[in-house]
Amino acid sequence: MKSLKIILGTFLVTTMFAFTSGGDKAPQKVKNAFAKKFPTAKKVKWEKENEKEWEAEFKMNRTEYSANFLSDGTWQETEHEIKEKEVPQNIMSSLKKAFPDFEIEEIEISETAKGMVYEFTIEKGETEMEVAIDTNGKLIKKEIKKDNDEGEDNDDEN
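Colleague: How would you explain the confidence of the model for the chain if you had to name every residue and give the values?
Modeller: This prediction gives the chain a mean pLDDT of 83; 77% of its residues lie at or above 70. Contacts from residues 2-23, a stretch scored under 50 in pLDDT, to residues over four places away or in other chains number one contact. Within the model, the stretch residues 149-158 combines pLDDT values under 50 with 21 contacts to residues more than four positions away or in other chains.

This is how it looks when you write it as structure tokens:
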């Protein structure tokens, strides 16, 4: 009877370990591509974004980042928050001209293979929007956020 308890206990511990540690482990190709692109990253946490994409949240140079990779290891995007004072003047001018009475809630830099854009979450009253402006100051995305956090594309100039 004692050996049966040991076997069952070992089985339960092994099963629990398998479920908790194996959760959403990124494929080795993804981890290798990440390590090559971000060799100094610390505190990396992986999450499966969708069927084909993985997201890593990590710290680098005291800044929190997120990066997305396809399952084959292809890098898609890197984002990190910045402060308003870090945004170039031409970008701020474009934002203020297009959305004069909106308040800035959050600013991120998004880098993809196509280049870099500044992404803003802005708010005016009950209206919250996500806006992207390229490095030349051109508005490239304007999306109203719904209460359920789904967006409606109103202006996509890409």
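Colleague: Explain a negative patch on the surface to me, and be specific about the residues and the numbers.
Modeller: Among the surface-exposed residues, Glu 47, Glu 49, Glu 57, Glu 64, Glu 81 and Glu 106 lie close enough to one another that they form a single negatively charged patch. Secondary-structure assignment places Glu 106 in strand E5 (residues 103-112).

Colleague: Tell me about the packing of aromatic side chains, and please be specific about residues and values.
Modeller: Taken as a whole, this structure holds eight aromatic pairs when the rule is applied. For the ring pair Phe 34 and Phe 38, a centre distance of 5.2 Å and an interplane angle of 40° mean the geometry is tilted. Feature note: the residues Phe 34, Phe 38, Trp 46, Phe 58, Tyr 65 and Phe 69 constitute an aromatic cluster, connected by ring pairs. Here the guanidinium or amino end of Lys 37 rests over the ring plane of Trp 75, the centre of that ring lying 4.1 Å away.

Colleague: I'd like a rundown of the side chain of Glu 108, residues and numbers included.
Modeller: Along the chain, Glu 108 turns up in strand E5. The buried charged residue Glu 108 lacks any salt bridge, with Lys 141 as its nearest oppositely charged partner at 8.7 Å. Other than its neighbours up to four places away in sequence, Glu 108 contacts Glu 79, His 80, Glu 81, Val 117, Tyr 118 and Glu 119.

Calculation criteria
- Numbers given to residues run from 1 along each chain, matching the order in which its sequence is written.
- In view of the model being predicted, local features appear only for residues whose pLDDT reaches at least 70, and side-chain atom pairs are presented and counted only at 80 or more, with totals across whole chains, interfaces and linings using the full set of residues.
- Calculation of side-chain values draws on the structure's entire complement of heavy atoms; hydrogens and water are dropped beforehand.
- Every residue gets a pLDDT, meaning the predictor's confidence in that residue, from 0 to 100.
- Contacts were defined at the residue level, with two residues in contact if any of their heavy atoms lie within 4.5 Å.
- Patch rule: a residue counts if its relative accessible area is over 30% and it has no salt bridge; like charges are joined within 9 Å, and nonpolar side chains (Val, Leu, Ile, Met, Phe, Trp, Tyr) within 5 Å.
- Residue-level accessible areas treat just the shown protein chains as cover; the underlying method is Shrake-Rupley with a 1.4 Å probe.
- Salt bridge, as used here: a side-chain nitrogen of Lys or Arg that lies within 4 Å of a carboxyl oxygen of Asp or Glu.
- The convention is simple: Lys and Arg are positive, Asp and Glu are negative, and His and the chain ends are not counted.
- Working definition for charges: the position is that of NZ of Lys, CZ of Arg, CG of Asp or CD of Glu.
- Going along the chain from the N terminus, every DSSP run of H or I of four or more residues is numbered as a helix, and every run of E of two or more is numbered as a strand.
- Any two rings among Phe, Tyr and Trp, with Trp reduced to its six-membered ring, count as a pair given centres within 6.5 Å; such a pair is stacked if its planes are under 30 degrees apart, edge-to-face if over 60, and tilted if neither.
- Comment: the charge-over-ring label is applied if NZ (Lys) or CZ (Arg) is within 6 Å of the ring centre and within 35 degrees of the ring normal.
- Buried residues are those whose accessible area, probed at 1.4 Å on protein chains only, stays under 20% of the maximum for their type, while exposed residues exceed 50% and partly exposed ones sit between those limits.

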